[in-house]
Amino acid sequence: MAEYSSSGSSDDLSLPKATVQKIIGEILPKDIAISKEAREAITECSIEFIMMLSTQSNDIAEKEAKKTIASDHVVKALEELDFHNYLEIINKVLGEHKELLKGKEKKNNKFQNSGLSEEELLRQQEELFKKSRDRLQSNTGAPHENVKSENA
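All of these numbers come straight from a predicted model, not from anything done at the bench. Think of each chain on its own: its residues are numbered from 1, step by step along the sequence as written. Whole-chain, interface and lining totals are the exception, using all residues; otherwise, since this is a predicted model, local features are given only for residues with pLDDT of at least 70 and side-chain atom pairs are given and counted only at 80 or more. Derived side-chain values reflect all non-hydrogen atoms in the structure, with water molecules and hydrogen atoms excluded from consideration.

**Student:** Explain the overall build of the chain to me, please; I cannot follow it from the model alone.
**Tutor:** From N to C terminus, the chain includes six helices and zero strands. Listed by position from the N terminus, the elements making up the chain come as α-α-α-α-α-α. Only protein chains enter the calculation, and the probe is 1.4 Å; a residue is then buried if its accessible area is under 20% of its type maximum, exposed if over 50%, and partly exposed in between. The buried share of the chain, reckoned over its 152 residues, is 16%. By definition, residues are in contact when any of their heavy atoms lie within 4.5 Å. The contacts in the chain between residues at least 6 apart in sequence include a share of 39% that link residues at least 24 apart. On the chain, roughly 12200 Å² of surface is accessible, and the fraction owed to carbon and sulfur atoms is 54%. The numbering of helices and of strands both runs from the N terminus, where a helix is a DSSP run of H or I of at least 4 residues and a strand a run of E of at least 2. Here the accessible surface of atoms and residues is derived via Shrake-Rupley with a 1.4 Å probe, and residues count as covered only by protein chains that are part of the display.

**Student:** Quick question: what am I supposed to make of the nonpolar core here?
**Tutor:** Across soluble globular proteins, nonpolar side chains show a tendency to be buried alongside one another. Buried Ala, Val, Leu, Ile, Met, Phe, Trp, Tyr and Cys residues that are joined via side-chain atoms within 4.5 Å together make up what is termed a nonpolar core. In terms of nonpolar packing, the biggest core is built from nine residues, these being Met-52, Leu-53, Ile-60, Val-75, Ala-77, Leu-78, Leu-81, Leu-87 and Leu-94. Contributions of two or more residues to this core are made by helix 2 (36-63), helix 3 (71-80) and helix 4 (87-112). Discounting residues that sit within four places of it in the chain, Val-75 has contacts with Leu-87, Ile-90, Asn-91 and Leu-94.

**Student:** What is the right way to read the packing of aromatic side chains from this model?
**Tutor:** How two aromatic rings sit relative to each other is set out by the distance from centre to centre and by the angle between their planes. Between 30 and 60 degrees the pair is tilted, below 30 it is stacked and above 60 it is edge-to-face, where a pair is any two Phe, Tyr or Trp rings, Trp via its six-membered ring, whose centres lie within 6.5 Å. Inspection of every chain in the model, using the stated rule, returns three aromatic pairs. On the basis of an interplanar angle of 40° and a centroid distance of 5.7 Å, the ring pair of Phe-49 and Tyr-86 is categorised as tilted. One end of the pair, Phe-49, is in helix 2; the other, Tyr-86, is in the loop between helix 3 and helix 4, and 37 residues separate them in sequence. Residue class for Phe-49 comes out partly exposed when judged on its relative accessible area of 25%. Every member of this aromatic cluster is reached through a ring pair, and the members are Phe-49, Phe-83 and Tyr-86.

**Student:** What should I look at first to understand unusual backbone geometry in this one?
**Tutor:** In terms of backbone geometry, most residues other than glycine have negative phi values and most peptide bonds are trans. Unlike most non-glycine residues, Ala-65 shows phi in positive territory, near 60°. Considering the arrangement of structural elements, one finds Ala-65 in the loop between helix 2 and helix 3. Positive phi, normally seen in glycine, also occurs at Asp-82, with a value near 65°. With respect to the secondary-structure elements, Asp-82 resides in the loop between helix 3 and helix 4.

**Student:** I keep staring at the layout of surface pockets and nothing clicks. Help me out?
**Tutor:** Taking a probe equal in size to a water molecule and rolling it over the atoms shows the remaining empty space. The volume enclosed by the largest pocket comes to roughly 210 Å³. Put plainly, a pocket is an open set of points on a 1 Å grid over the protein atoms alone with protein on both sides within 12 Å along at least five of seven lines, a cavity is a set where a 1.4 Å probe fits but cannot get out, and a lining residue has an atom within 4 Å of a point. What lines the largest pocket is simply Leu-15, Thr-19, Val-20, Ile-23, Ile-24, Ile-27, Ile-42, Thr-43 and Ser-46. In terms of residue count, helix 1 (residues 17-27) provides more of the lining of the largest pocket than any other element does, five residues in total. Residue composition of the lining of the largest pocket, grouped by class: six nonpolar, three polar and no charged. Grid points are joined across faces, edges and corners, and a volume is the space filled by probe spheres set on the points. Here the nonpolar group is Ala, Val, Leu, Ile, Met, Phe, Trp, Tyr, Cys and Pro; Asp, Glu, Lys and Arg are the charged ones; every other residue, Gly included, is treated as polar.

**Student:** Just checking my understanding: could you explain the packing of helix 1 against helix 2 for this structure?
**Tutor:** For any two helices packed against each other, the geometry is given by the interaxial angle and the distance between the axes. Angles run from 0 to 180 degrees between N-to-C directions of axes, and those axes are lines fitted to C-alpha atoms, restricted for helices to the stretch in contact. Viewed as axis vectors pointing N to C, helix 1 and helix 2 meet at an angle of 100°, and their least axial separation amounts to 10 Å. By the angle between their axes, helix 1 is roughly perpendicular relative to helix 2. Across from Lys-17, Val-20, Gln-21 and Ile-24 in helix 1, the residues of helix 2 making contact are Arg-39, Ile-42 and Thr-43. Residue composition of the contact of helix 1 with helix 2, grouped by class: three nonpolar, two polar and two charged. With respect to orientation, any angle under 35 degrees is reported as roughly parallel, any angle over 145 as roughly antiparallel, any angle of 65 to 115 as roughly perpendicular, and every other angle as oblique.

Structure follows, in structure tokens:
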């Protein structure tokens, strides 16, 4: 495992206080407060965890001669660092992310699968824009140029 240092340049590293406070606030009951020192301790531990996990994930990627750390590298790093209790949730989140990407792929393929050329799709889009402008002009009774100047 490559060595990472928790001193020196890590003093420059931080997490947004508002984000940390929001995460803590969502977890704790409303009647429980957290001190500034406790929030800072949680922030520092979080930074340390991110550095440790990133370093281990990078080592795994390098062993595989990869220049990009993939989610598989992160999962393997969690295993190697004995954070087995995180594996179930990370695998669930990764599964949800993959499903989300599949949905986006299907949406993107909608236009590719339409059988229309890009030029035809652009022509149809221009027609829709023209109809919309015409409708706007007829509703306001003002020419298109006046509408533009009012929004400027």
